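# Notes for the structure review
Here are the chains, one letter per residue:
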Amino acid sequence: MREIVALCKRRGLIFPGSEIYGGMANTWDYGPYGVLLKNNVKRAWWEDMVMKRADVVGLDSSILMNPKVWEASGHLKEFTDPMVDCKACKKRFKGDDITGDKCPACGGELTEAKQFNLMFKTNVGPVDGENIAYLRPETAQGIFVNFKNVLDSTRVKMPFGIAQIGKAFRNEITPGNFTFRTLEFEQFEMEYFVYPDKADEAFSEWTQARLGWYIGLGINPSKIKLQPHPESDLAHYAKAVTDVEYEFPFGWSELEGVANRTDYDLKQHEKFSGETLRYTDDEGNKVEPYVIEPSGGVDRATLAFLVDSYAVDKAGDEERVVLRLHPRLAPIKVAILPLVKKDPVAPKAKEIYESLKGKWFVEYDESGTIGKRYRRQDEIGTPFCVTVDFENLETDSVTVRLRDDMKQEVVAISELANWLSSRLG
Ligand code: ATP
């Protein structure tokens, strides 16, 4: 992890938050390449979960919601973790992480476990304490409260999904492991509404689909698995939960949870809001849908793609660091590298850069040896480097160097955009 954290800082992928003020623990900022990578993760999810499916629509609900939402959802009462402090070394632990009754760090005596609510509280308006609001700890409730609006304004037919990507906030007791567990993060969540007798089938389809999504974007299949929760561990609203887990350098950890949430949420919101939240089928019957929820973290997914694609290998005699990111995820898709800065090579290379830059994120780099320039692109995972030299110009071609096996192919300039398009999508 240390190497990856250092690479992220050095190459503008992820920076520690508020660094010039000494930082703020467990906050991270995505840099110029990091924001492209994270946006690509979100775009891939949005395309695969919403754009390519006729049965899913999108939503973007607000972070601040009426506090009654959190009463109805159970978060005010139930969204707590047991917190334990060591009386000797003052370290703080999540109760679930402690085995035995002594401090795992120093062996000291521990306090009794106190339940700690993970929601961040804030005030709306100028008077402290008058109007309490919460930063949402998940995006899902924004979907449930808009269930009726979506039904009334679209022509969705069950089964159908409502998907959204957005920020969520949790005052975690033990954040850490880089961007894996932070206070502020992004989720991609989908609530898939089904007839209750079809819920089990939809649950197993979605668990497989979500596992396949990560593998399809390049995650090594031996590093990712499905981990069903034992029945005794299920949250009060869930009939079944299966996590998608990835083997990070710090161990197998949850990337995403797929849950059968039954009709719990809609019923709770019916009870607390007084609105009817039912689906009317073709025969006019009012149905209380069950919901299957694949709920993942954008930052955790991004971290898994980073960790999984990171490799150190050889380029000739030199060691190189390379991110073998799937082309859909790579921050920069193409780098244009003239072999010399002179006329007519550099102007031609610039012209090629200008012609491609509106289609993809493309970089132009003419500084340093070609080896150094390749290394810079390898480190941020650029799949294609296009070089231009005098010989190329005689034949109106360029040489494309492939990131993963470093092989080179000569491509006609007139064909380059098509050539790239067929490989980048
Ligand atoms: P964990 O057990 O790791 O705390 P969780 O089961 O509480 O996670 P969910 O409530 O199921 O998580 O949230 C859905 C997803 O949101 C998680 O799978 C994870 O990818 C992401 N997520 C949750 N908490 C955090 C966090 N503090 N930082 C980053 N991502 C998070």
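Along each chain, numbering runs from 1 in the same order as the chain's sequence is written. Side-chain atom pairs in this predicted model are given and counted only at pLDDT of 80 or more, local residue features only at pLDDT of at least 70, and totals for whole chains, interfaces and linings cover all residues. Side-chain descriptors were evaluated using all non-hydrogen atoms of the structure, hydrogens and water having been removed beforehand.

## Considering the packing of helix α2 (residues 32–51) against helix α7 (residues 199–216)
Across the interface, α2 lies against α7 with an axial gap of 12 Å and an inter-helix angle of 140°. It follows that α2 is oblique to α7 by the angle criterion. When the axes of α2 and α7 are compared, the crossing they make is right-handed. Packed against α2, whose contacting residues are V41, A44, W45, D48 and M49, the element α7 presents W206, R210 and W213 at the interface. Every axis in this analysis is a line fitted to C-alpha atoms, fitted for helices over the stretch in contact. Angles between the N-to-C directions lie between 0 and 180 degrees. Note on conventions: DSSP H or I runs of at least 4 residues are helices, E runs of at least 2 residues are strands, and numbering of each starts at the N terminus. Should an angle fall under 35 degrees it is called roughly parallel, over 145 degrees roughly antiparallel, and 65 to 115 degrees roughly perpendicular, with every other angle called oblique. Take the far helix as the reference: if the near one is turned anticlockwise from it by less than a right angle, the crossing is left-handed, and if turned clockwise, right-handed. Note on contacts: a residue pair qualifies if any of its non-hydrogen atoms lie within 4.5 Å across the two residues.

## Observations concerning the pairing of strand β22 (residues 397–402)
Throughout this description, buried means an accessible area under 20% of the type-specific maximum (1.4 Å probe, protein chains only), exposed means over 50%, and partly exposed covers the range between. For β22, the buried fraction is high: six of the six residues fall into the buried class. Neither face of β22 is exposed, since S397, T399 and R401 on one face and V398, V400 and L402 on the opposite face are all buried. Each pair of strands is called paired provided DSSP finds at least two bridges between the two strands. Sheet topology note: the strand β21 (residues 384–388)/β22 ladder contains four bridges and is antiparallel. For C385, the partnering residue across the bridge sits in β22 and is R401. Relative to strand β23 (residues 408–412), β22 runs antiparallel, the two sharing five bridges. Residue pairing for β23: V400 is matched across the bridge by E409. Hairpin geometry of β22 and β23 is characterised by an intervening segment of five residues between the two adjacent antiparallel strands and by a positive phi of about 60° at M406.

## What to know about the packing of aromatic side chains
Aromatic rings from Phe, Tyr and Trp, with only the six-membered ring used for Trp, were paired whenever their centres fell within 6.5 Å, and each pair was classed as stacked if the ring planes differed by under 30 degrees, edge-to-face if by over 60, and tilted otherwise. What the rule picks out here adds up to 21 aromatic pairs. Between F180 and F248 the ring centres are 5.4 Å apart and the planes differ by 75°, which places this aromatic pair in the edge-to-face class. Within this pair, whereas F180 is found in the loop between β9 (160–169) and β10 (184–194), its partner F248 is found in strand β12 (residues 240–248), the two being separated by 68 residues in sequence. Its relative accessible area of 2% is what places F248 among the buried residues. Note on F384 and W419: the rings are 5.3 Å apart at their centroids and 75° apart in plane angle, and the pair reads as edge-to-face. Residue F384 is found in strand β21, and its partner W419 is found in helix α13 (residues 416–424); the two are separated by 35 residues along the sequence. We note that F384, like W419, is buried. Lysine and arginine charges are scored as sitting over a ring when NZ or CZ, respectively, is within 6 Å of the ring centre and within 35 degrees of the ring normal. The ring of Y374 has R401 sitting right over it, with the charged end atom 4.2 Å from the ring centre.

## Thoughts on the site of the ligand
Here a residue is near a molecule or strand as soon as one of its heavy atoms is found within 4 Å of it. In the region of the ligand, 15 residues are neighbours, and E172, R181, T182, E254 and L255 sit closest. N or O atoms within 3.5 Å of each other form a polar contact, as long as, within protein, one can give a hydrogen and the other can take it, and as long as residues adjacent in sequence are counted only when both atoms are side-chain atoms. The backbone of G297 places a nitrogen or oxygen atom 2.9 Å from an oxygen atom of the ligand. Compared with its free state, where it exposes 590 Å², the ligand has 81% of that area covered by protein. Here a cavity means grid points, on a 1 Å grid over the protein atoms only, where a 1.4 Å probe fits yet cannot get out; a pocket means an open set of points with protein on both sides within 12 Å along at least five of seven lines; lining residues are those with an atom within 4 Å of a point. Just a note on the criterion: a molecule sits in a pocket or cavity if more than half of its atoms are within 2 Å of the grid points. More than half of the atoms belonging to the ligand lie within 2 Å of the grid points that define the largest pocket. All accessibility values rest on the Shrake-Rupley procedure with a 1.4 Å probe; residue burial counts only the protein chains present in the view.

## Topic: the pattern of salt bridges
For side chains bearing opposite charge, pairing can occur when the charged atoms are close. Salt bridges are defined as contacts in which a side-chain nitrogen from Lys or Arg sits within 4 Å of a carboxyl oxygen from Asp or Glu. This model, assessed by the stated rule, comprises 39 salt bridges. The salt bridge partner of R320 is D378, with a shortest N-O separation of 3.0 Å. In this pair, R320 sits in strand β18 (residues 318–323) while D378 sits in helix α11 (residues 370–380), placing the two residues 58 residues apart along the sequence. For the pair R320 and D378, one class covers both residues: buried.

## Description of the sheet that holds strand β4 (residues 80–85)
Read across the sheet, three strands follow the order β5-β4-β6 without closing on themselves; strand pairing throughout is antiparallel. A single partner strand is all that each edge strand has here, and the edge strands are β5 (92–94) and β6 (114–117). Each strand axis lies, on average, 45° off the axis of its neighbour in the sheet, ignoring direction.

## Here's the deal with the sheet that holds strand β16 (residues 290–297)
Note: strands within a sheet are paired through backbone hydrogen bonds, in either parallel or antiparallel orientation. Across the sheet, which stays open at both edges, the seven strands sit in the order β3-β9-β10-β16-β13-β12-β11 with mixed pairing between neighbours. The sheet terminates laterally at β3 (56–58) and β11 (224–228), the two strands that pair on one side only. Here the average twist between neighbouring strands, direction ignored, is 25°. Pairing of β11 with β12 involves five bridges; the strand directions are antiparallel. The partner of P228 across the bridge, within β12, is T242. Sheet strands touched by α7: β10, β11, β12, β13 (251–262) and β16. Its angle to β13, the strand with the most contacts, is close to 150°.

## A closer look at the layout of surface pockets
Grid points are joined across faces, edges and corners, and a volume is the space filled by probe spheres set on the points. For the largest pocket, the calculated volume is near 1500 Å³. Together, 50 residues line the largest pocket, and F79, R170, H229, Y237 and E254 are the ones closest to its centre. Mapped onto the lining of the largest pocket, the elements with two or more residues apiece are α4 (75–78), β4, β10, β12, β13, β16 and α9 (298–309). Here the lining of the largest pocket gets seven residues from one element, more than from any other, and that element is β13. Only Asp, Glu, Lys and Arg are considered charged in this grouping, and only Ala, Val, Leu, Ile, Met, Phe, Trp, Tyr, Cys and Pro are considered nonpolar; every other residue, Gly among them, is considered polar. Its residues placed into classes, the lining of the largest pocket shows 14 nonpolar, 16 polar and 20 charged.

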